[in-house]
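This is what each chain is made of:
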Amino acid sequence: MTDLPNNAQPLVEIRKLWTIFKTPDGPQVVHRDLDLSIRRGEVLSLVGGSGTGKTVLLRQILGLEHPSKGTVTVLGRPPGQFSVKGAANVGMLFQHGALFSAFNVLDNVAFPLRELKVLPDELIRDAALVKLQMVGLDPKQATKSPADLSGGMIKRVALARALIMDPPLLLLDEPTAGLDPEGADGFCDLLRGLHRELGLTVVMVTHDLDTLFDLSTRIAVLADQRVIVAGTARDVIAYPHPFIHEYFLGGRGQRAMEALHDGSVPAALAGPADTASAPHNER
Ligand SMILES: Nc1ncnc2c1ncn2[C@@H]1O[C@H](COP(=O)(O)OP(=O)(O)O)[C@@H](O)[C@H]1O
Ligand SMILES: [Mg+2]
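Just so it is clear, the structure is predicted and the values come from calculations on it, not from any experiment. (Residues numbered from 1 in each chain as written. Chains lettered and ligands numbered in written order. Predicted model: local features only at pLDDT ≥ 70, side-chain atom pairs only at ≥ 80, totals over all residues.)

Visitor: So what exactly am I meant to see when it comes to the site of ligand 1 here?
Guide: Around ligand 1 lies a shell formed by Phe 21, Val 30, Gly 48, Ser 50, Gly 51, Thr 52, Gly 53, Lys 54, Thr 55 and Val 56. The leading source of residues in the shell around ligand 1 is helix α1 (residues 54–62), at 3 residues. The residue inventory of the shell around ligand 1, partitioned by class, reads 3 nonpolar, 6 polar and 1 charged. (Near = placed C-beta within 6 Å. Helix = DSSP H or I, 4+ residues; strand = E, 2+ residues; numbered from the N terminus. Nonpolar A, V, L, I, M, F, W, Y, C, P; charged D, E, K, R; others polar.)

Visitor: Help me understand the packing of helix α3 (residues 105–116) against helix α5 (residues 151–162) in this model?
Guide: Relative orientation and spacing of two packed helices are given, respectively, by the angle between their axes and the distance between those axes. Contact pair α3 / α5: the axes reach a minimum separation of 7 Å and the direction vectors enclose 30 degrees. When the axes of α3 and α5 are compared, the pair comes out roughly parallel. Crossing geometry of α3 relative to α5 is assigned as right-handed. Counting all contacts with α3, which are made through Val 105, Asn 108, Val 109, Phe 111 and Pro 112, the residues of α5 involved are Val 157, Ala 160 and Arg 161. Grouping the amino acids of the contact of α3 with α5 by side-chain chemistry returns 6 nonpolar, 1 polar and 1 charged. (Axes fitted to C-alpha atoms, helices over the stretch in contact; angles between N-to-C directions. Parallel < 35°, antiparallel > 145°, perpendicular 65-115°, else oblique. Left-handed = near helix turned anticlockwise from the far one by under 90°. Contact = placed C-beta atoms within 7 Å.)

Visitor: In this structure, what is going on with the nonpolar core? I would like to understand it.
Guide: If you look at soluble globular proteins, the nonpolar side chains tend to sit buried side by side. Counting residues in each nonpolar core, the largest one holds 69 residues, and the members touching the most others are Leu 46, Ile 61, Val 109, Leu 171, Val 203, Ala 220 and Val 221. Top element by residues in this core is α5. It accounts for 6 residues. Ignoring anything within four residues of it in the chain, the contact list for Val 221 reads Val 47, Gly 48, Val 227, Ile 228, Val 229, Val 236, Phe 243 and Ile 244. (Core = buried A, V, L, I, M, F, W, Y, C linked by C-beta atoms within 7 Å. Buried ≥ 20, exposed ≤ 12 C-beta atoms within 10 Å, placed from the backbone.)

Visitor: What's the story with the pairing of strand β2 (residues 26–39) in this structure? I'm lost.
Guide: Side-chain direction in a regular strand flips from residue to residue, so the side chains alternate between the two faces of the sheet. Looking at chain direction, strand β1 (residues 10–23) and β2 are connected through 10 bridges and run antiparallel. Bridging from a neighbouring strand, Val 12 pairs with Ile 38 of β2. Where β1 hands over to β2, the hairpin turn is made up of 2 residues, counted between the paired strands. (Pairing = 2+ DSSP bridges.)

Visitor: How do you make sense of the pairing of strand β6 (residues 169–173) when you look at a structure like this?
Guide: Most of β6 is tucked away: 4 of the 5 residues are buried. In this structure, strand β5 (residues 90–93) lies alongside β6, joined through 4 bridges in parallel fashion. Among the inter-strand pairings, Gly 91 is bridged to a residue of β6, identified as Leu 170. Of the pairings in the sheet, the one linking β6 to strand β7 (residues 201–205) comprises 5 bridges and is parallel in character. Paired with Asp 173 across the strands is Val 205, a residue of β7. Assessed by its sense of winding, the connection that carries the chain from β6 through helix α6 (residues 181–198) to β7 is right-handed. (Right-handed = clockwise from strand over helix to strand, strands pointing away.)

Set out below in structure tokens:
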């Protein structure tokens, strides 16, 4: 997986973004002057401590929430403001699966297309079956209820639904959280394949260092209410900040880094060290 040239037109541009929530104790500033550009074709992982505003940022890219100040653009336009076509530009896999429990698998995947009310049902069913196949599920699963699925299968169905409109941009909120290591590996393989085959741009929030090193072409770190650094794993690890030190070089990080010495080169570390290592600070 090679990163795109730095001058590629960004798919998502976030400029001087502020997010302020009102709380009983006064305003809570979640993002302060946050800048981030996401290039076409990259798998950008967003890491940061709990409550640093990773999910809120994904929701803003999706257009479900609006920044207090600053701008977010997807393909040069505000996200979510334009109904049908805009909705198709971004697919999101929410952290908690969020399948409709009263719908079977097929109807869950078909839901966004049905909501458009423009296609005949037969076509919608076919499209949903294609997407199920794409995420590695057998058509036999189509009539199952979400209650009868494993955690890994629920994630796959939710992913099929996120992809139903063939969005160029896919947002994933902790896609492997709650999966066992085998399920997480399988899901990573699936994401890697989809990224390659569909040419998707992926923005992923993850706490799982294996997933992070396995899939990312770039890592952005959210701390101090902004993106403090965005670059390859090498760039990020070299950036002096207490969060980064603890996250990558604490016990958990050490184990993940040791796992890197098994001979495989993670995407985020691949590439020539001297050309890729100039830290690209997003500020
Ligand atoms: N709609 C909301 N109203 C008020 N506060 C919110 C809202 N959404 C998120 N927050 C707060 O913003 C902060 C960041 O939330 P979130 O993006 O979910 O964090 P994380 O980085 O863990 O995903 C948290 O303190 C959360 O409580
Ligand atoms: Mg979150």
